[in-house]
Structures are given as structure tokens and as C-alpha cells.
Amino acid sequence: MSLFRPFLSRRPFAGLVASTATFVFGFIALSTGSARAQSTPSLQLVMGNPSGATTSVSNTNNYLMQKPQYSLAYNKSHATPNWVSWHLGPQDLGSAPRNDAFHTDTDLPSGWYRVTNSDYTNSGYDRGHNCPSADRTATSADNYATFAMTNIVPQTADNNQGPWAALEDYCRTLVNSGNDLFIISCPNHYGTTTIAAGKVYVPSYMSKVIVVLPAGSSLSASAVTTSTRIICVDMPNTAGIRANSWKSYRISVDQLEGYTGYDFLSNVSTSVQSVIEARVDNL
Ligand code: MN
Ligand code: MN
């Protein structure tokens, strides 16, 4: 929403410069045999910081964490991320096996409660990835990183294993057919439902904003035009939706911004945002 635009518009080119450098160095690294070509923190936040999260430890419910594999805004009160943002390109898809080692995130500030694997045991909810395990298979270290509990939310099995998983699969299909994606996952609409004796809150909706850029585009917000495909979904985190198509949950980014108060794609020019955020994907 407009609340965050003045803050972010002060540095419109930071993401462009960083991501271009990453791409160039990544390409060189790839050609010399490194599979970690694009696992750099700067690449994960190219489209913007939807909630204006910061690295101040006093910003307890909007705390920015930038990892090589994804960036997130942590909410200490919910013990979940407000959003998780990452780039997904062909270099991210390799042969590393699913690690499955859910672990406490030691990158959290000292003194903050660190969610454990067992907090979700018998909770009735899946350990739902925001940045999926299967989006980070270039190296075992990349895959392991997706099992940090700061990347996880309590997600119903029908959502996680139904339309949510189908959309994750579709994203990798888009990459394999010649696209680079920028993805922001946004669990939202928290009520009073909790697990782990009140320590972890359950979002009522699972949402996602996906920017689809043809391979060869600069990996920057300035590559987004009024004709760029944007997929935005908002799925209830409930039982009974397993057989539903992810396509039935598409909304506009404007709608999601209204629901969440966040400004997605804030590094994209406001004139382009106004066009692409009003549209509902229909491909
Ligand atoms: Mn999942
Ligand atoms: Mn926006």
C-alpha cells in the first residue's frame, strides 16, 4: 500500500545494481563448476520489501532476515514469517535430495523463542514451506536452508498438498520452460488459532505473488513491464480444498495488498505496478 512507497522509492536502483552484479558473477561461477550460482541474499529481494522489514532487533514483528536462499520478514508474536521472498531460476534446480531436517533457526536474535521441529508434532498441521524444498536443490546446503523453521508455517494438509503444491510445481514448470521467477509467499489473516501451546499462530490464508520473466531478462525490478505476467493467489488455510485447482484462487495484487497492508513489487515503478497489480492472471 502507499504507506510503504515513500520509504522504498528512495532506493529504486539498489536492487537493479545488486542483481545485475549477481547475475554476472553467478554466470561466471556456473561456468567454472559452482552450482550455487544464484544463491545470494541480494537476489532474493529484487522486487522489494513488502512490509518495510528491517534488521533492527527491536522490530520484533517485522524483522528482516536475508539468507543466501531466501529473504523473510519474521514476526516474533506469530513465530512465523510475514512473507518469504526468493528468486527461482534454472540454476536453483539441481539434484540435491530433499533434506527433511527441520531445524530451529539460529539466525534469530538471541533471546527470541526459536520454533522447533517438535512444536508442530501432532499439531494437526503440516510443516508448510514458504520457499519450497524443491525450489532449492542446487546444493544440499541450499536444500537444508529451506527446512529452517523461520521458513515454515502451520499449513493444512489439504492446502499444502493440494493447490499450494500444484502451484509450486507449476512454478518449476515455468522455469523449466524458459522463465525466471520472483516469488513472494505471504501467510496472512491471523486469528487466535495457535499450535505449540500458543507459541505458533496459524494463518487463515496462504497467498503468493509470482513475477514471470522470460529467460534472458535482467534479473531486476526494471525488467518488469505492463505486459509482465503476474500470478497472485489467496488460498484459505483450511481442510477440504485438496482437489481444487490453484487457478480458482487467483486474485489481483491490489486485492492482496488490501488484505495485508503490504506493498508487493514495491521496487517496480509505481506506473507499472498500477497496471500489473490490477490484473488477475487468466492463463
Ligand atoms: Mn509444502
Ligand atoms: Mn505494489
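Refer to the structure printed above.
Heads up: these notes are all about the structure in this document. In this text, all values refer to a predicted model and were calculated from it rather than measured experimentally.

### A closer look at the coordination of the manganese ion (ligand 2)
Next up, step 1: Around the manganese ion (ligand 2), the protein contributes the donor atoms Glu 257 (OE), Asp 263 (OD), Phe 264 (O), Gln 273 (OE1), Glu 277 (OE) and Glu 277 (OE), at 2.2 to 2.7 Å from the metal centre.
Next up, step 2: Taken together, the 6 donor atoms coordinating the manganese ion (ligand 2) span angles of 52 to 169° at the metal, a pattern that classifies the geometry as irregular.
Next up, step 3: Read in sequence order, the donor residues for the manganese ion (ligand 2) give the motif E-x5-D-F-x8-Q-x3-E.
Next up, step 4: For Phe 264, a relative accessible area of 0% gives the class buried.

### Points about unusual backbone geometry
Next up, step 1: You will see that Asp 100, though not glycine, has its phi angle at about 65°, which is positive.
Next up, step 2: Following the sequence through the fold, Asp 100 ends up in the loop between strand E3 (80-88) and strand E4 (126-129).
Next up, step 3: Even without being a glycine, His 189 presents a positive backbone phi close to 65°.
Next up, step 4: Following the sequence through the fold, His 189 ends up in strand E6 (residues 179-195).
Next up, step 5: Among the residues examined, His 189 registers a relative accessible area of 45% and is labelled partly exposed.

### Observations concerning the sheet that holds E3
Next up, step 1: Overall, antiparallel pairing links the 6 strands, which are arranged E1-E2-E3-E6-E7-E8 in an open sheet. Looking along the sheet, the strands with just one partner apiece sit at the ends: strand E1 (63-66) and strand E8 (229-236). Averaged over all pairs of adjacent strands, the angle between strand axes in this sheet comes to 15°, irrespective of strand direction.
Next up, step 2: Relative to E6, E3 runs antiparallel, the two sharing 5 bridges. Its bridge partner lying in E6, Ser 85 is registered against Ile 184.
Next up, step 3: Along the sheet face, helix H6 (residues 253-260) touches E6, strand E7 (200-214) and E8 and points at about 45° away from the line of E8.

### Some details on the packing of aromatic side chains
Next up, step 1: Under the definition given, this model contains 5 aromatic pairs.
Next up, step 2: The interplanar angle of 75° and the centroid separation of 6.2 Å between the aromatic rings of Tyr 262 and Phe 264 together place this pair among those described as edge-to-face. Of the two residues examined, Tyr 262 and Phe 264, each falls in the buried class.
Next up, step 3: Grouping aromatic residues by their ring pairs yields a cluster made of Tyr 63, Tyr 74 and Trp 112.
Next up, step 4: Over the ring of Phe 102 we find Arg 127; its NZ or CZ atom is 5.6 Å from the centre of that ring.
Next up, step 5: Across the ring face of Trp 164, the terminal group of Lys 208 is positioned such that the distance to the ring centre comes to 4.3 Å.

About the cut-offs
Residues numbered from 1 in each chain as written. Chains lettered and ligands numbered in written order. Predicted model: local features only at pLDDT ≥ 70, side-chain atom pairs only at ≥ 80, totals over all residues. Heavy atoms only, no water. Donors = N, O, S within 2.8 Å, 3.2 Å for Na, K, Ca; no water. Tetrahedral: all angles 85-135°; square planar, octahedral: opposite > 155°, others 65-115°. Buried < 20%, exposed > 50% of the residue type's maximum accessible area, 1.4 Å probe, protein only. Helix = DSSP H or I, 4+ residues; strand = E, 2+ residues; numbered from the N terminus. Pairing = 2+ DSSP bridges. Axes fitted to C-alpha atoms, helices over the stretch in contact; angles between N-to-C directions. Contact = heavy atoms within 4.5 Å. Phe/Tyr/Trp six-rings, centres within 6.5 Å; stacked < 30°, edge-to-face > 60°. Lys NZ or Arg CZ within 6 Å of the ring centre and 35° of its normal.

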